[in-house]
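The lines below spell out each chain.
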There are 4 protein chains.
Amino acid sequence: MGLKGIKYAAKVDLEKPAAEQACLHNRWHPDIPSVTTITPGEPVKIECIDWTGGQIGNNDSANDVRDVDLTRVHYLTGPFDISGAEPGDVLLVEIQDVQPLEEQPWGFTGVFAKENGGGFLDELYPAPAKAIWDFEGIHCSSRHIPGVRFAGLIHPGILGCAPSQEVLETWNRREGELVAANTEVGREVAKLPEPVNVHAGSADKEMKERVGREGARTIPGRPEHGGNCDIKNLSRGSKVYLPVHVKGAKFSVGDLHFSQGDGEISFCGAIEMAGVITLKFSVIKNGLAELAMKSPIYIPGPVEPQFGPGRYIYFEGFSVDENGKQHYMDTTVAYRQTTLRCFEYLKRFGYNDYQIYLLLSCAPVQGHIAGVVDIPNACTTMGLPIDIFDFDILPSAPVQKRDMGSCAFASN
Amino acid sequence: MGLKGIKYAAKVDLEKPAAEQACLHNRWHPDIPSVTTITPGEPVKIECIDWTGGQIGNNDSANDVRDVDLTRVHYLTGPFDISGAEPGDVLLVEIQDVQPLEEQPWGFTGVFAKENGGGFLDELYPAPAKAIWDFEGIHCSSRHIPGVRFAGLIHPGILGCAPSQEVLETWNRREGELVAANTEVGREVAKLPEPVNVHAGSADKEMKERVGREGARTIPGRPEHGGNCDIKNLSRGSKVYLPVHVKGAKFSVGDLHFSQGDGEISFCGAIEMAGVITLKFSVIKNGLAELAMKSPIYIPGPVEPQFGPGRYIYFEGFSVDENGKQHYMDTTVAYRQTTLRCFEYLKRFGYNDYQIYLLLSCAPVQGHIAGVVDIPNACTTMGLPIDIFDFDILPSAPVQKRDMGSCAFASN
Amino acid sequence: MGLKGIKYAAKVDLEKPAAEQACLHNRWHPDIPSVTTITPGEPVKIECIDWTGGQIGNNDSANDVRDVDLTRVHYLTGPFDISGAEPGDVLLVEIQDVQPLEEQPWGFTGVFAKENGGGFLDELYPAPAKAIWDFEGIHCSSRHIPGVRFAGLIHPGILGCAPSQEVLETWNRREGELVAANTEVGREVAKLPEPVNVHAGSADKEMKERVGREGARTIPGRPEHGGNCDIKNLSRGSKVYLPVHVKGAKFSVGDLHFSQGDGEISFCGAIEMAGVITLKFSVIKNGLAELAMKSPIYIPGPVEPQFGPGRYIYFEGFSVDENGKQHYMDTTVAYRQTTLRCFEYLKRFGYNDYQIYLLLSCAPVQGHIAGVVDIPNACTTMGLPIDIFDFDILPSAPVQKRDMGSCAFASN
Amino acid sequence: MGLKGIKYAAKVDLEKPAAEQACLHNRWHPDIPSVTTITPGEPVKIECIDWTGGQIGNNDSANDVRDVDLTRVHYLTGPFDISGAEPGDVLLVEIQDVQPLEEQPWGFTGVFAKENGGGFLDELYPAPAKAIWDFEGIHCSSRHIPGVRFAGLIHPGILGCAPSQEVLETWNRREGELVAANTEVGREVAKLPEPVNVHAGSADKEMKERVGREGARTIPGRPEHGGNCDIKNLSRGSKVYLPVHVKGAKFSVGDLHFSQGDGEISFCGAIEMAGVITLKFSVIKNGLAELAMKSPIYIPGPVEPQFGPGRYIYFEGFSVDENGKQHYMDTTVAYRQTTLRCFEYLKRFGYNDYQIYLLLSCAPVQGHIAGVVDIPNACTTMGLPIDIFDFDILPSAPVQKRDMGSCAFASN
């Protein structure tokens with residue numbers, strides 16, 4: 001018997017521009033040509049580049065984060081036809097493994113500039129910033145955030161099947177109405193189709209233009225197919241059930257994360273990386289009706305870093321904002337306050353605000369919805385694992401400001 | 001050596017009206033007289049009645065839920081003076097144990113009527129409903145929701161120190177402004193002081209009237225002191241750090257829960273019970289500044305029911321509401337959708353909507369904020385533990401509708 | 001509805017000699033009269049005294065340990081008839097809860113004198129010693145072993161059904177043969193029936209004498225019924241399946257432990273206590289054949305203190321004894337060496353040998369059989385939880401000898 | 001910045017005989033030449049072949065297991081010099097990752113013939129047998145044992161530093177005395193140096209002969225350096241502390257396991273594989289004295305497959321053997337009985353004895369030492385995870401014999 005590993009359904013080339021690789025695309029559209037056809041039951045490996053397509057470097061400046069071109073994101077690998085899948089079916093995807101590419105054992109977390117992408121706290125922290133993480137097997141650490149080291153709960157930020165034309169039109173109408181209703185809020189509320197830097201895999205020119213005009217941006221997750229759900233425990237060993245909207249399913253995957261915290265608060269908040277994912281597909285005929293399923297569901301795998309329930313410090317937050325204004329049951333406001341409580345706590349040890357912002361985005365923090373019924377205050381909690389720090393952060397520990405260096409910032 | 005257990009700081013009488021028990025109160029106010037003084041370092045037991053003060057019975061009708069008098073809630077035990085505590089300090093409370101009262105081994109979960117309390121899903125499920133849970137040691141089960149049984153993660157829904165007069169005024173102003181700004185939304189957005197059925201412990205008539213006029217309702221948790229935070233893992237063995245606003249701290253506790261799911265979605269959503277809590281207090285002098293603390297923090301205890309990460313089904317939800325409207329980064333909308341996905345899934349097994357509403361409120365479901373940065377969609381997840389069911393609910397299991405009986409409803 | 005708790009099947013009196021309480025007994029025999037009959041499906045509470053029947057006091061001397069009368073142990077509560085149980089059936093016992101008696105919130109761990117009971121390391125540590133543990137809700141700590149505090153994994157050390165006359169005779173013959181074959185090893189190898197201080201519940205004089213002559217001692221667990229299995233995770237929420245040998249099953253329980261480490265190495269090695277256990281019984285007809293069961297099996301409950309896999313220091317031991325002699329695949333020798341490695345490690349912090357002996361007996365240490373096939377060395381491991389210490393015991397921590405006081409010793 | 005992964009300290013060639021690869025060796029001896037020198041702090045990857053050096057094939061016959069040549073095992077990669085390490089130091093090895101070789105995503109478990117290696121139960125199950133496991137990312141399954149699938153807790157079976165000449169002599173003397181004292185027990189009790197099929201890396205002829213004469217076999221783990229400890233949770237993220245006996249430490253590693261159960265009962269009982277391990281070394285000067293360390297200690301990593309405590313069936317076993325003979329505190333006998341109880345339970349589902357033997361050897365079963373003090377019976381437990389089966393094995397489930405096919409057997 002000869003040597004033989006698991007088959008690759010797609011390989012990427014880190015030395016070549018993303019826009020020139022036929023197995024990648026950066027819009028959701030039913031007509032992007034398939035890369036290949038995969039047989040259910042047969043495990044395959046699929047390589048992915050990082051979501052920006054290599055725009056961010058392993059260096060100590062956040063200029064690249066400041067200047068990132070968001071018309072180009074996210075580069076996904078696919079779409080893949082899955083034999084036998086048809087609209088109304090459910091595609092069961094088993095995530096057998098996720099690994100960084102062996103030749104690139106590092107990733108990045110970015111705070112995007114308020115005017116270019118922003119993030120959950122961009123009103124308070126508008127500047128671009130960056131941390132590079134080195135992978136040490138299952139662990140990672142960063143020269144930009146000393147004193148922490150943790151095991152990754154590795155996962156794809158994005159996976160989903162292509163929308164049908166009808167679903168696509170629903171998205172474009174729905175998000176268009178939101179944009180139309182919010183022209184004066186002073187910030188971008190959604191990203192509508194934008195025919196700039198469109199990559200539609202091996203599509204011909206005409207098709208590529210159509211994808212540009214109609215294709216949905218990959219930024220938001222959407223209920224009909226999942227997409228950019230950014231769920232931290234959709235990790236190795238998970239089984240995810242995805243609605244199928246077009247013949248062959250046209251499955252795509254990308255935006256791999258070495259680790260992410262609940263909320264992924266800095267937007268480019270996970271530890272973003274290039275990597276390879278091993279998947280096995282099954283088709284559940286008529287699954288949408290059988291499972292009464294409108295949005296993806298999943299069953300996590302059996303392995304995740306374990307800290308023990310008593311090895312977290314939990315911060316509470318309520319829907320009263322930083323100006324003292326009472327909001328009615330606003331969980332988003334409550335979670336923002338929760339994260340800020342954690343900032344205040346960690347600053348005592350010498351970290352700067354942006355280091356904390358980056359850390360809470362990508363470390364395995366637990367963000368829970370505690371209570372959403374006690375009017376007018378929603379209450380959320382954030383659990384910060386103690387054991388990712390190499391010094392004692394317990395409330396009982398004596399506090400001394402340490403020299404924590406700095407994350408990367410942009411020039412000027 | 002004689003026999004001697006841990007000292008009781010307060011005992012309740014289940015046979016006597018709550019309003020006549022001097023160790024109870026139902027408003028937050030700095031001037032409610034203290035029950036007694038507790039010495040830091042000395043464990044004490046404190047008995048609590050259920051939050052409604054016995055308005056809900058162990059029977060098969062939800063009439064009592066329909067008719068519940070919300071001017072009377074929540075009955076808390078306290079306040080207790082803690083020796084040495086002063087404004088600016090932090091009160092460290094160790095929750096050494098929580099148990100149901102031995103003579104009342106049952107609790108209840110209620111869906112409140114939309115016009116009397118309501119809940120997270122009252123637009124869809126406006127009727128009152130109820131489930132009674134029998135405690136079987138660490139487990140519980142309900143004749144109103146067959147097929148499930150689980151271990152409780154027992155905890156107090158409410159604990160906190162009294163507000164200072166200044167903090168109290170902040171609350172009343174802040175919530176008053178919210179009410180004033182929302183007179184036309186068609187639903188109550190906050191509960192302002194209401195001088196009806198006020199119970200101020202051993203206060204004299206004059207003080208009691210003042211407490212009625214000024215005292216904050218106990219319904220919402222609030223950032224300055226915690227209060228009704230309804231956090232499911234603030235359980236046995238936890239250490240909670242509470243801001244002190246008045247001399248002696250004036251600590252109160254109540255609203256004990258045998259179990260609660262993240263969100264406590266049906267409002268009276270935990271398994272509400274009478275019980276006894278064992279606490280030990282410490283005072284951290286100048287703790288607010290030392291810990292840079294604005295809201296409570298806590299460290300959970302080492303014991304919680306464990307299911308293994310792969311023993312959950314997770315449901316995804318996004319901020320597109322059930323009418324297809326796109327909301328901008330609204331985590332509350334996303335979590336509502338997440339819960340509805342779980343309703344649809346569980347209805348396949350024969351449960352009615354209200355049974356599911358009750359179950360998801362009180363069972364140990366995990367409600368996570370997955371992503372709050374991918375405009376315009378917030379994404380939340382709900383993890384439903386598989387092993388609380390005595391039949392197979394996996395997507396791979398054949399579905400058959402079972403006779404699931406019914407929860408309790410109101411007459412008419 | 002009136003107040004009503006779970007029914008007591010037996011209550012003990014801590015102020016009264018154990019030998020005078022009719023619901024207790026201290027031998028295994030089929031003819032000890034039943035205390036009462038319990039209906040399957042109905043939860044009951046059963047009170048138990050500590051295994052010595054109150055011989056050990058809450059004080060700072062180990063004289064009582066030195067002088068303990070082992071002819072009197074273990075005092076078990078029972079036997080109870082379970083309606084419908086017959087030989088060949090399996091008795092399914094659900095351990096719904098275990099609690100210390102409210103009026104006695106403390107327990108003890110003892111090192112027995114080599115000449116009176118001994119223990120796993122009595123060749124090295126022959127003197128009697130003792131530690132008293134105070135219960136603080138789910139946690140415990142000891143004035144005799146400073147610097148540690150942990151949550152109990154509370155459980156009964158002994159539970160089982162009475163042997164039939166035939167099973168009893170097998171035991172007596174089997175253990176008699178062992179004693180006969182080892183008359184010159186210089187230590188007691190088994191405890192045969194001993195008609196001294198026999199307690200047979202409500203038996204009349206004649207029966208009591210017969211029980212004394214024939215009744216098996218309760219010291220060892222035995223494969224046919226379990227008995228003194230001393231299994232640390234047979235805790236709250238567990239379901240244990242017990243062989244039935246006589247009509248009515250004649251179930252007994254006792255020897256409650258607040259906590260125990262794997263091996264229970266100091267013999268009186270758990271945190272021994274008086275307490276109350278809540279049980280529910282079912283009878284599986286013809287269960288022995290159905291389950292192909294020869295010895296008890298059990299399914300642990302869902303709650304146990306969790307430390308996270310990375311919060312243990314593991315010690316390795318092999319079957320080469322402390323004199324350098326190679327033993328062939330001797331797991332007992334390997335585990336003894338494993339424990340000694342932990343002694344050496346902990347002594348660096350200032351603990352004396354007997355404090356460590358007591359601690360490793362009762363704290364939640366994990367004792368694993370790693371490999372039993374690599375001739376000639378068996379390998380075992382012991383996992384010591386880091387988080388039970390209030391100082392840093394990691395190998396990376398600087399070591400300083402602390403003043404650790406002392407455990408209790410005997411006078412002279 | 002160019003692409004660059006972690007450096008390889010050694011690579012193997014699966015197509016080339018093990019005995020011809022200079023980075024491998026199969027005896028413990030201080031003078032085997034080092035492969036290379038590794039700098040502390042710098043992560044390296046080290047490739048390993050399976051322990052037999054490729055003697056076992058991915059096929060459906062156990063002839064290769066029957067005929068395995070045990071003079072050739074184990075092939076280890078190394079030794080490696082670690083800069084700065086000297087006798088008396090401790091080598092801290094962080095296991096950053098372990099992976100199967102990408103080109104060989106399968107492994108094997110073998111029951112060795114009683115007359116050629118044997119195993120824990122060879123008196124009862126003397127025939128050779130085999131199961132091949134296919135790796136599916138973090139999971140594995142076997143065509144030879146249908147109905148099970150589990151995530152691996154991947155680890156090296158062997159790692160350690162070379163013995164000094166003095167330590168080596170101690171081993172040879174100690175094990176020689178055991179052999180001399182047991183010439184008539186009818187089975188091999190230890191493997192003394194055997195100058196057949198010796199591989200000493202790049203040693204010249206003379207040195208190789210000396211290694212053959214003096215070099216210790218790699219079969220047993222030994223207290224002085226660890227070696228073949230076969231510890232199932234010495235997995236990814238673990239830190240292991242190893243005694244250094246020679247200048248440079250001369251570290252070797254091999255015998256990689258995809259998974260193993262406690263006890264590794266069938267001898268070739270893990271899922272044996274070729275793979276790559278990522279390690280980082282540190283040297284703790286004078287560590288043996290500082291840590292009072294005589295045998296290796298380790299701290300497991302934070303990730304291991306989690307089942308929840310209530311998702312195991314535990315079997316109890318006592319030191320009464322299958323012939324009814326009472327042994328005195330013999331943990332080895334007790335564990336053998338414990339495993340047999342599990343055989344009886346699983347046979348009800350249609351598995352044959354050898355399938356069960358293979359499964360209990362390699363699946364993540366928990367083998368605990370429960371009590372070793374209740375004379376004359378040691379009690380051990382084995383926890384069998386329920387969730388590795390794709391059918392319900394709970395005692396409450398109806399049993400039906402299934403067609404479970406067969407493991408591989410030898411011809412004749």
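Residues numbered from 1 in each chain as written. Chains lettered and ligands numbered in written order. Predicted model: local features only at pLDDT ≥ 70, side-chain atom pairs only at ≥ 80, totals over all residues.

Each helix and strand counted, chain A has six helices and 22 strands in total. Its C-alpha atoms give chain A a radius of gyration of 21 Å, within 12% of the compact-globule value 22 Å for 412 residues. With the C-alpha coordinates of chain A rotated into their principal frame, the extents come out at 60 × 60 × 45 Å. The 412 residues of chain A split such that 64% are buried. Summarising the internal contacts of chain A: among those between residues at least 6 apart in sequence, 78% fall at separations of at least 24. (Helix = DSSP H or I, 4+ residues; strand = E, 2+ residues; numbered from the N terminus. Rg over C-alpha atoms; globule rule 2.2 N^0.38 Å. Buried ≥ 20, exposed ≤ 12 C-beta atoms within 10 Å, placed from the backbone. Contact = placed C-beta atoms within 7 Å.)

So, on to the relation of the copies chain B and chain A. In summary, the two copies of the chain are related to each other by a rotation about an axis coupled with a shift along it. The transform that puts chain B on chain A rotates by 180° and translates by 0.0 Å along the axis, for an RMSD of 0.0 Å. On the angle and the small slide along the axis, the relation comes out as a two-fold axis. Identified as the residue of chain B closest to the rotation axis by C-alpha distance is histidine 368 of chain B, at 2.4 Å. An overlap of 100% is found between the interface residues of chain B and their copies at the interface of chain A, pointing to a shared contact surface. (Least-squares fit on C-alpha atoms with pLDDT ≥ 70 in both.)

A few words now on the interface of chain B and chain A. Taken together, the contact between chain B and chain A spans 83 residues of the former and 83 residues of the latter. The element that contributes the greatest number of residues to the side of chain B that touches chain A is helix α5 (residues 331-347) of chain B, accounting for eight residues. Of the residues belonging to the side of chain B that touches chain A, the class tally is 40 nonpolar, 25 polar and 18 charged. With two bridges connecting them, strand β19 (residues 312-318) of chain A and strand β18 (residues 297-299) of chain B associate as antiparallel partners. The residue of β18 of chain B that forms the bridge with tyrosine 314 of chain A is tyrosine 298 of chain B. (Nonpolar A, V, L, I, M, F, W, Y, C, P; charged D, E, K, R; others polar. Pairing = 2+ DSSP bridges.)

All right, on to the domain arrangement of chain A then. All names here are of chain A. According to the domain assignment, chain A consists of domain 1 (7-299) and domain 2 (309-396). For domain 1 and domain 2, the distance between their C-alpha centres works out to 26 Å. The interface is formed by 25 residues belonging to domain 1 together with 21 residues belonging to domain 2. Those elements giving two or more residues to the side of domain 1 that touches domain 2 turn out to be β7 (106-111), β8 (129-136), β10 (149-151) and β16 (267-272). Sorting elements by how many residues they give to the side of domain 1 that touches domain 2 places β16 first, with three residues. Residue composition of the side of domain 1 that touches domain 2, by class: 13 nonpolar, eight polar and four charged. (Domains from an automatic or database assignment.)

Opposite the five residues of chain C that make contact, chain A presents five residues. Residue composition of the side of chain C that touches chain A, grouped by class: two nonpolar, two polar and one charged.

Let's shift gears to helix α5 (residues 331-347) of chain A. The first and last C-alpha atoms of α5 of chain A sit 24 Å apart over 17 residues, in line with the 24 Å expected at 1.5 Å per residue. Counted residue by residue, α5 of chain A has 14 buried out of 17 residues, so it is predominantly covered. (Expected span 1.5 Å × (residues − 1).)

All names here are of chain D. Relative to the helices and strands, asparagine 197 resides in the loop between α2 (165-181) and α3 (205-214). It is 44 Å that separates the C-alpha atoms of asparagine 197 and arginine 348, two residues lying 151 residues apart in sequence. Beyond its immediate stretch of four places on either side in the chain, asparagine 197 contacts Asp69, Thr71 and Arg72.

The subject of this paragraph is the environment of glycine 287 of chain D. Residues and elements named next belong to chain D. Topologically, glycine 287 is positioned in helix α4 (residues 287-290). Of the residues examined, glycine 287 has 22 C-beta atoms within 10 Å and is grouped as buried. Separated by 72 residues in the primary sequence, glycine 287 and glycine 215 have C-alpha atoms spaced 26 Å apart. When residues no more than four places from it in sequence are discounted, the contact partners of glycine 287 are Asp89, Val90 and Met293.

All names here are of chain A. It is the contact of α5 with helix α6 (residues 353-362), at a shortest axis distance of 10 Å, that shows an interaxial angle of 125°. Overall, the two elements α5 and α6 adopt an arrangement that is oblique. As for how α5 packs across α6, the hand of that crossing is right-handed. Contact residues: α5 offers Thr339, Cys342, Phe343, Leu346 and Lys347, while α6 offers Asp353, Ile356 and Leu360. The residue makeup of the contact of α5 with α6, split by class, is five nonpolar, one polar and two charged. (Axes fitted to C-alpha atoms, helices over the stretch in contact; angles between N-to-C directions. Parallel < 35°, antiparallel > 145°, perpendicular 65-115°, else oblique. Left-handed = near helix turned anticlockwise from the far one by under 90°.)

A few words on the pairing of strand β6 (residues 90-100) of chain D. Residues and elements named next belong to chain D. Buried residues dominate β6, accounting for eleven of its eleven residues. Where β6 meets strand β14 (residues 239-243), five bridges bridge the pair, whose relative direction is antiparallel. If you follow leucine 92 over to β14, its bridge partner there is tyrosine 241. One ladder, built from ten bridges, connects β6 with strand β17 (residues 275-284); its direction is antiparallel. Bridged to leucine 92 within β17 is serine 282.

The residue glutamate 344 of chain C is located in helix α5 (residues 331-347) in this model. Since 15 C-beta atoms lie within 10 Å of it, glutamate 344 of chain C is described here as partly exposed. Sequence separation between glutamate 344 of chain C and isoleucine 356 of chain C is twelve residues, and the spatial gap between their C-alpha atoms is 9.5 Å. With residues up to four places along the chain from it excluded, the contact list for glutamate 344 of chain C reads Ala292 and Lys294 of chain D.

Another aspect to go through is the nonpolar core. Leu91 of chain A, Leu91 of chain B, Leu91 of chain C together with Leu91 of chain D are the most contacted members of the largest nonpolar core, which has 502 residues in total. Contact partners of leucine 91 of chain D, with chain neighbours within four places excluded, come to Ile82, Ala85, Cys161, Leu242, Val244, Ala249, Phe251, Phe281 and Val283 of chain D. (Core = buried A, V, L, I, M, F, W, Y, C linked by C-beta atoms within 7 Å.)

We now examine the pairing of strand β9 (residues 139-142) of chain D. Residue and element names in this part refer to chain D. The pairing of strand β8 (residues 129-136) with β9 spans four bridges and is classified as antiparallel. Directly across from aspartate 134, in β9, lies its bridge partner serine 141. Following β8, the chain reverses through two residues before pairing antiparallel with β9; glycine 137 in that reversal takes a positive phi of roughly 65°. Here β9 pairs with strand β10 (residues 149-151) via three bridges, running antiparallel. Residue pairing for β10: histidine 139 is matched across the bridge by alanine 151.

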